[in-house]
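What the coordinates show
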Amino acid sequence: MKKFILGFAVLTTAFMNAQTQIIAHRGYFQTNPPTTENSIKALENAQKLKIYGAEFDVRMTKDGILVINHDEHHGKMIIEETDFKDLKKLKLSNGENLPTLKDYLKQGKKDPSLKLIIEIKPVKSQEKENEIVAKTIKMVKDMKLDSQSEFISFSLNVCKEIKKVEPKFKVQYLNGELSPEQIKNEGLDGMDYHYSVFQKNPAWIQEAKVLGLITNSWTVNDVKIYDELKSQGIGFITTNIPDQLKGK
C-alpha cells in the first residue's frame, strides 16, 4: 500500500509539472532580429511558437479609443490625456503604428489556439476603469473571442467589475497581497503574482490549487526560477523568453 501511495504521489507530481503552460509577456518580442513589446509582430511571433497564450496591456485614450501599450506614456504623451489621432503620429520602435485593441484582437483571432491574456491597466478614476472594462468586454464579445480571452489586472476594482459584467470570463489578480482564500472570497478565478510573492509564500500555490484557483507567475526569465515554480505545480508562467521555456 505504501508503494502504491508513493507511486501515486510521484505520478501526481509529474502530471502537475507537465501541465505548466507558457504565456508570452507582451507578446514574443525578444526575437532575432528583435521586435517591440506589445506590437502586432510580437503577437504574430507568439502565435508561431504554439504556446498557451500571449499577454498584452490595454489603455484608453482621451477620446475613448482602446490601445495596446504597457506604459502610461507613448513617447512624451500621456495616453489617457491625449487623443488617438495625436498618439498614432508616433510609431513604435519597430515602425508599426500604435496598435488599437481592435487591431490586436483581429490578429489574435487568426490563431484560435493562442489565448489572449488581456491586462487592463489601472487608472485613477474608478468610473474610467469601469468604462474601459465595459468597452473591452463589448469588443471581445462583438468579435466572438469570448472563449479565447482571459483577463488580468493590478486593479482589484477592474477584476471585480469584469466578473460583474461577464461572470463567465476568467479573471486573475496581479498585485500580490491577497492570499488564495481572499482571492476566492473576492469571486476571482486565480492569482497571477510576481515570482517573489510565491517564494515568500511557498504554500500558496498548493492552497490555490485546493481552492480550484488558477496559478500564474510573472515575469519569469530565469530557468532556475521556472524549474522551482514548476516543481511546486504552478499552472502558468508568464515570460519574456517563451521560446526557451517552451517544452522544458
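Residues numbered from 1 in each chain as written. Predicted model: local features only at pLDDT ≥ 70, side-chain atom pairs only at ≥ 80, totals over all residues. Heavy atoms only, no water.

1. Focus: the overall build of the chain
Check the secondary structure of the chain and you find 11 helices and 11 strands. Relative to the globule expectation of 18 Å for 248 residues, the C-alpha radius of gyration of the chain, 19 Å, shows essentially globular dimensions. Along the first, second and third principal axes, the C-alpha atoms of the chain reach 70 × 40 × 35 Å. Looking at the chain as a whole, 51% of its 248 residues qualify as buried. Summarising the internal contacts of the chain: among those between residues at least 6 apart in sequence, 57% fall at separations of at least 24. Counting only carbon and sulfur atoms, one obtains 54% of the accessible surface of the chain, whose full area is about 12,200 Å². Across the chain, the centroid of the 37 positively charged side chains sits 5 Å from that of the 33 negatively charged ones. (Helix = DSSP H or I, 4+ residues; strand = E, 2+ residues; numbered from the N terminus. Rg over C-alpha atoms; globule rule 2.2 N^0.38 Å. Buried < 20%, exposed > 50% of the residue type's maximum accessible area, 1.4 Å probe, protein only. Contact = heavy atoms within 4.5 Å. Areas by Shrake-Rupley, 256 points an atom, 1.4 Å probe, with all protein chains shown as cover. Lys, Arg positive; Asp, Glu negative; His and termini not counted. Charge placed at Lys NZ, Arg CZ, Asp CG, Glu CD.)

2. As for the nonpolar core
Counting residues in hydrophobic clusters, the biggest one holds 54 residues, and the most contacted among them are Phe56, Phe151, Ile162 and Tyr193. Residues Ile23, Ile152, Leu174 and Phe236 belong to the second largest nonpolar core, which totals 7 residues. (Core = buried A, V, L, I, M, F, W, Y, C linked by side-chain atoms within 4.5 Å.)

3. A word on the packing of helix 5 (residues 126-142) against helix 6 (residues 156-165)
One way to put it is that helix 5 packs onto helix 6 with a least axis distance of 10 Å and a crossing angle of 45°. By the angle between their directions, the pair helix 5 and helix 6 is classed as oblique. Seen from above, helix 5 lies across helix 6 with right-handed handedness. The segment helix 5 lies against helix 6, with Gln126, Glu129, Asn130, Val133 and Ile137 engaging Asn157, Val158, Glu161, Ile162 and Val165. Grouping the amino acids of the contact of helix 5 with helix 6 by side-chain chemistry returns 5 nonpolar, 3 polar and 2 charged. (Axes fitted to C-alpha atoms, helices over the stretch in contact; angles between N-to-C directions. Parallel < 35°, antiparallel > 145°, perpendicular 65-115°, else oblique. Left-handed = near helix turned anticlockwise from the far one by under 90°. Nonpolar A, V, L, I, M, F, W, Y, C, P; charged D, E, K, R; others polar.)

4. Comments concerning the layout of surface pockets
Reported here for the largest pocket is a volume of approximately 150 Å³. Residue lining of the largest pocket: 16 residues in total, with His25, Glu55, Glu119, Phe154 and Trp218 positioned closest to the centre. Residue classes in the lining of the largest pocket are distributed as 5 nonpolar, 5 polar and 6 charged. (1 Å grid on protein atoms, 1.4 Å probe; cavity = no way out; pocket = protein on both sides within 12 Å on 5 of 7 lines; lining within 4 Å. Points joined across faces, edges and corners; volume = space filled by probe spheres on them.)

5. Topic: a negative patch on the surface
A surface patch of negative charge is lined by Asp71, Glu72, Glu80 and Glu81. Among the secondary structure elements, Asp71 is positioned in the loop between strand 3 (66-68) and strand 4 (73-74). Among the residues examined, Asp71 registers a relative accessible area of 42% and is labelled partly exposed. (Patch = residues over 30% accessible without salt bridge, like charges linked within 9 Å, V, L, I, M, F, W, Y side chains within 5 Å. Salt bridge = Lys/Arg side-chain N within 4 Å of Asp/Glu carboxyl O.)

6. Let's talk about the confidence of the model for the chain
Mean pLDDT over the chain works out to 94, with 93% of the residues at or above the 70 mark. Within the model, pLDDT remains below 50 along residues 1-17, and this stretch shows 6 contacts once partners closer than five positions in the same chain are excluded. (pLDDT = per-residue confidence, 0-100.)

7. Thoughts on the UniProt feature "domain: GP-PDE" (unreviewed entry) in the chain
UniProt's entry tags residues 20-248 with the feature "domain: GP-PDE" (unreviewed entry), counted in the numbering of this structure. Annotated as 36% helix and 21% strand, the span residues 20-248 places its first and last C-alpha atoms 9 Å apart. (UniProt positions renumbered as here; feature names shortened; annotations may be inferred.)

8. Structural notes on unusual backbone geometry
In this model, Asn32 is joined to Pro33 through a cis peptide bond whose omega is 0°. Looking at the element boundaries, Pro33 is found in the loop between strand 1 (21-24) and helix 2 (40-49). At Arg26, a position not held by glycine, the phi torsion is positive, near 60°. The residue Arg26 is located in the loop between strand 1 and helix 2 in this model. With a phi angle near 55°, Lys144 is a residue other than glycine that sits in the positive phi range. For Lys144, the position within the fold is in the loop between helix 5 and strand 7 (149-153).

9. Some details on empty space enclosed by the protein
Picture a little ball the size of a water molecule; that probe, rolled over the atoms, points out where space is still empty. A full pass over the atoms with the stated rule returns 1 cavity of 30 Å³ or more. There is about 40 Å³ of room inside the largest cavity. Every residue along the wall of the largest cavity is listed here: Arg59, Met60, Glu72, Ile78, Ile79, Glu80 and Val123. Taken together, the residues of the lining of the largest cavity sort by class into 4 nonpolar, no polar and 3 charged.

10. Quick look at helix 10 (residues 223-231)
The set of residues buried in helix 10 consists of Ile225, Tyr226, Leu229 and Lys230. Projection of helix 10 onto a plane perpendicular to its axis shows the buried side chains occupying an angular sector of 135°, all on one side. Residue Asp222 occupies the N-cap position of helix 10, its side-chain oxygen lying 2.7 Å from the main-chain nitrogen of Lys224. (Arc of directions from axis to C-beta. Polar contact = N/O pair within 3.5 Å; in protein donor to acceptor, adjacent residues only side chain to side chain.)

11. Some remarks on the environment of Arg26
Residue Arg26 is classed as buried on the basis of its relative accessible area of 14%. Considering only alpha carbons, one finds Arg26 and Asn69, 43 residues apart in sequence, at a separation of 9.0 Å. If sequence neighbours within four positions are ignored, Arg26 has contacts with Glu37, Asn38, Ala42, Glu55, Asp57 and His70. A distance of 2.9 Å separates a polar atom in the side chain of Arg26 from a polar atom in the side chain of His70.

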